[in-house]
Amino acid sequence: MKSTSTPYDDVFRTLLNDCRGLIIPLINEVFGECYTGSEQIVFSPNEHYINQQDGEEYECITDTKFKIVGKETKNYHWECQSTADSSMAVRIFEYASQIALDEGEINENRLTVTFPHSAVLYLRSGAATPDEMRIEIKTPDGGISYSIPVMKLQGYDIDEIFEKNLLFLIPFYIFKHEKELEECDRNADKLEVLKQEYEGIKKRLEEKTLCGAINEYTKCTIHDMSKKVLRNLARKYENVREGVGLVMGGRILDYEAKTIKNEGLHEGRNEGRKETARNLIRAGKMSLEEIAECTNLPLDELNALAAEESALERG
């Protein structure tokens, strides 16, 4: 079952990869975890090859797969879906089983596969949308089942989003007003109410930035991704698109947030990466390959750092 990428999938992946810290509150909310934000988040390639019954393979792209390295390491797999449909459980199982197989271990005649913690974010939902999906696997020796929690954007108002620090949801918040967009587009008063709500969102994001809860880069990314979702969802409604878009800031040329980040990291970037790598090597919970993926340092340099740490321990 092939999947196609949408602008909303792209926004989802951009937020996760460019503002990784935003995923921690979502994980805590959905899985009942107590991550503090100090944990390492390590992403893996999203491309997987699904083996079909006829022997052919096709490439599928999961929305995201990553590890959180804290007191223990856990694998997560998240999907973003604009509308609930019956095929979602099938796709989750396809992706999750392929992820498990990719990282499977063979010891003599035993294959061990570990399924990731999977979840789905639904941007649209209704009374019939479940709070979870279940996958049941029947084998000759018995059966097992596990749940896939469902996060529904429609279940969160803007106050709860800020109270729980679920800032990741803000770019998709316009979906909560989807049914009102046509009326807002032709009614200036209703459009003004919508713009005022986004003025409040913008102000609260600025407050988060000033107090150090998020940085300028994250704030700009949220603004930019909000406008990308808006452009697609309100593509038929020019007044809404232009009005709310202006509230969230002027056009960000060449992804200004990335420029801000790159300028901030230019000085001392390599030293910062090396220090992160040293800390991960000392923790001993990740392979050098995983540390290379996390820090973007070459393996030969990490081998040298590991040797230095080993010498320090012996000395």
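Bear in mind the structure is a predicted one, so any value in this text is a computation, not a measurement.

(A) Fine view of the nonpolar core. In terms of nonpolar packing, the biggest core is built from 57 residues, with Trp 78 and Phe 172 touching the most fellow members. A per-element tally of this core places helix H7 (residues 216–233) first, with six residues. Core analysis: the next-biggest nonpolar cluster, separate from the first, contains 11 residues, Val 42, Ile 281, Met 286 and Leu 302 among them.

(B) Up close: the sheet that holds strand S4 (residues 64–69). Reading across from one edge, S1-S4-S5-S8-S10-S9 is the order of the six strands in this open sheet, with mixed pairing throughout. Each of the sheet's edge strands pairs with one partner strand only, and the pair in question is strand S1 (40–43) and strand S9 (132–139). Averaged over all pairs of adjacent strands, the angle between strand axes in this sheet comes to 30 degrees, irrespective of strand direction. Two strands pair when backbone bridges link them, and S9 and strand S10 (residues 142–152) are joined in this way by eight bridges, in the antiparallel orientation. In the strand pairing of S10, Ile 137 is matched with Ile 144. Each of S1, S4, strand S5 (73–81) and strand S8 (117–122) is contacted by helix H1 (residues 7–18), which is oriented at about 150 degrees to S5, the strand it contacts most.

(C) Representation of helix H12 (residues 299–314) in the model. Between its terminal C-alpha atoms H12 stretches 22 Å, which fits the 22 Å expected from 16 residues at 1.5 Å a residue. Burial in H12 covers these residues: Leu 302, Leu 305 and Glu 309. Projected onto a plane normal to the axis of H12, the buried residues spread over an arc of 60 degrees and lie on a single side. Seen from the open side of H12, the exposed residues pointing more than 90 degrees away from its buried face are Asp 300 and Arg 314.

Basis of the calculations
Residues numbered from 1 in each chain as written. Predicted model: local features only at pLDDT ≥ 70, side-chain atom pairs only at ≥ 80, totals over all residues. Heavy atoms only, no water. Core = buried A, V, L, I, M, F, W, Y, C linked by side-chain atoms within 4.5 Å. Buried < 20%, exposed > 50% of the residue type's maximum accessible area, 1.4 Å probe, protein only. Helix = DSSP H or I, 4+ residues; strand = E, 2+ residues; numbered from the N terminus. Pairing = 2+ DSSP bridges. Axes fitted to C-alpha atoms, helices over the stretch in contact; angles between N-to-C directions. Contact = heavy atoms within 4.5 Å. Expected span 1.5 Å × (residues − 1). Arc of directions from axis to C-beta.

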